[in-house]
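# Summary of structural features
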Amino acid sequence: KISKKIGTAGMTYTFLPEELITLRFIFAFIAGVLAVYIYANFESIEIRLVTTFLPLIGFFYPDIWLNDHIKMRRTRIEKQFPFLMDLLVLSMKSGLNYATSLAQTVESLPKGPVKEEFSKYLRELKAGKNRREALTSLAKRVEVPSISNFVAALNQADESGGEIGDVLQFRAQHRVGQG
């Protein structure tokens, strides 16, 4: 579960789940030491009452920080994804196939989580994963509704034999119609 959260935060290579668990205990210990210091040096009942919760807050702080990071990343993905869709539709309208269009689109994206995640998707395809598995992996990693809808639409187009370009154009127009 922790590993999945770290992946969703885009920090797979930053630290391991074991390190996050270790951070919990380190922060709890530091907060405990601080609580003892405050308790010994302040006589206010309110301050002493608050300090009793410091170790607990310290223990959960790494999880709170990680959850905040996940929320910020999801927000960035939601903001950047429509740009990818627009570029992808334009590339496909110009006559390129889906794979070439996506590769060129990802290459031209500004640095950010959408570029990172779709670059991972393209690497998975090059490594031999089929498109459906790679798309499903992408949707599970980011857990963003617009990406999940994109993945579902592409998978449905694959199953029904529909044109991917038409599906993407419909999705892009549908998004514009709502916004």
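Above this text sits the structure in question.
These lines cover the structure that appears in this document, whether it is placed above or below. (Residues numbered from 1 in each chain as written. Predicted model: local features only at pLDDT ≥ 70, side-chain atom pairs only at ≥ 80, totals over all residues. Heavy atoms only, no water.)

Moving on, we come to the overall build of the chain. A count of helical and extended segments in the chain gives nine helices and zero strands. When the helices and strands of the chain are placed in sequence order, the string is α-α-α-α-α-α-α-α-α. At 22 Å, the chain has a C-alpha radius of gyration far larger than the 16 Å of a compact globule built from 179 residues. With the principal axes as the frame, the chain shows a C-alpha extent of 75 × 35 × 30 Å. Out of the 179 residues belonging to the chain, those deemed buried represent 37%. Put simply, 57% of the contacts in the chain that link residues at least 6 apart link residues at least 24 apart. On the chain, roughly 11000 Å² of surface is accessible, and the fraction owed to carbon and sulfur atoms is 63%. Of the side chains in the chain, 23 bear a positive and 18 a negative charge, and the two mean positions are spaced by 1 Å. (Helix = DSSP H or I, 4+ residues; strand = E, 2+ residues; numbered from the N terminus. Rg over C-alpha atoms; globule rule 2.2 N^0.38 Å. Buried < 20%, exposed > 50% of the residue type's maximum accessible area, 1.4 Å probe, protein only. Contact = heavy atoms within 4.5 Å. Areas by Shrake-Rupley, 256 points an atom, 1.4 Å probe, with all protein chains shown as cover. Lys, Arg positive; Asp, Glu negative; His and termini not counted. Charge placed at Lys NZ, Arg CZ, Asp CG, Glu CD.)

Further remarks concern the packing of aromatic side chains. Scanning the model with the defined rule gives eight aromatic pairs in all. Judged by centre distance (5.4 Å) and plane angle (70°), the ring pair of Phe 25 and Phe 59 falls under edge-to-face. Linking Phe 25 in helix H2 (residues 17–41) with Phe 59 in helix H4 (residues 54–93), this pair joins segments that are 34 residues apart in sequence. Its relative accessible area of 21% is what places Phe 59 among the partly exposed residues. Measuring from centroid to centroid gives 5.4 Å for Phe 81 and Phe 150, while their planes differ by 75°, and the two rings are edge-to-face. Residue Phe 81 is found in helix H4, and its partner Phe 150 is found in helix H8 (residues 145–160); the two are separated by 69 residues along the sequence. An aromatic cluster is built from Phe 81, Phe 118, Tyr 121 and Phe 150, whose rings are joined through pairwise contacts. Lying across the ring of Tyr 39, Arg 48 places its NZ or CZ 4.4 Å from the centre. (Phe/Tyr/Trp six-rings, centres within 6.5 Å; stacked < 30°, edge-to-face > 60°. Lys NZ or Arg CZ within 6 Å of the ring centre and 35° of its normal.)

Before going further, it helps to examine the packing of helix H7 (residues 131–142) against H8. One can describe the packing of H7 onto H8 by two numbers: an axis separation of 9 Å at closest approach and a directional angle of 165°. The orientation of H7 relative to H8 falls into the category roughly antiparallel. Between H7 and H8 the crossing geometry is left-handed. Residues Arg 131, Arg 132, Leu 135, Thr 136, Leu 138, Ala 139 and Val 142 of H7 lie in contact with H8, whose contacting residues are Ile 147, Ser 148, Phe 150, Val 151, Leu 154, Asn 155, Asp 158 and Glu 159. Considered class by class, the residues forming the contact of H7 with H8 number eight nonpolar, three polar and four charged. (Axes fitted to C-alpha atoms, helices over the stretch in contact; angles between N-to-C directions. Parallel < 35°, antiparallel > 145°, perpendicular 65-115°, else oblique. Left-handed = near helix turned anticlockwise from the far one by under 90°. Nonpolar A, V, L, I, M, F, W, Y, C, P; charged D, E, K, R; others polar.)

Of the voids in this model, the second largest pocket is the one considered here, and its volume is about 150 Å³. Lining the second largest pocket, in full, are Ala 9, Gly 10, His 69, Met 72, Arg 73, Arg 76, Gly 112, Pro 113 and Glu 116. Listed by contribution, the elements that provide at least two residues to the lining of the second largest pocket are H4 and helix H6 (113–126). The greatest single-element share of the lining of the second largest pocket, amounting to four residues, is contributed by H4. For the lining of the second largest pocket, the class distribution of residues is three nonpolar, three polar and three charged. (1 Å grid on protein atoms, 1.4 Å probe; cavity = no way out; pocket = protein on both sides within 12 Å on 5 of 7 lines; lining within 4 Å. Points joined across faces, edges and corners; volume = space filled by probe spheres on them.)

Now for the packing of H6 against H7. Following both chains from N to C, one finds H6 and H7 inclined at 150°, their axes separated by 9 Å at the closest point. Classed by the angle they form, the pair H6 and H7 counts as roughly antiparallel. Taken as a pair, H6 and H7 cross one another with a handedness that is right-handed. Along the contact surface, H6 presents Glu 117, Phe 118, Lys 120, Tyr 121, Glu 124 and Leu 125, while H7 presents Arg 131, Ala 134, Leu 135, Ser 137, Leu 138, Arg 141 and Val 142.

Take it as geometry only, folks, not as evidence of what the structure does.
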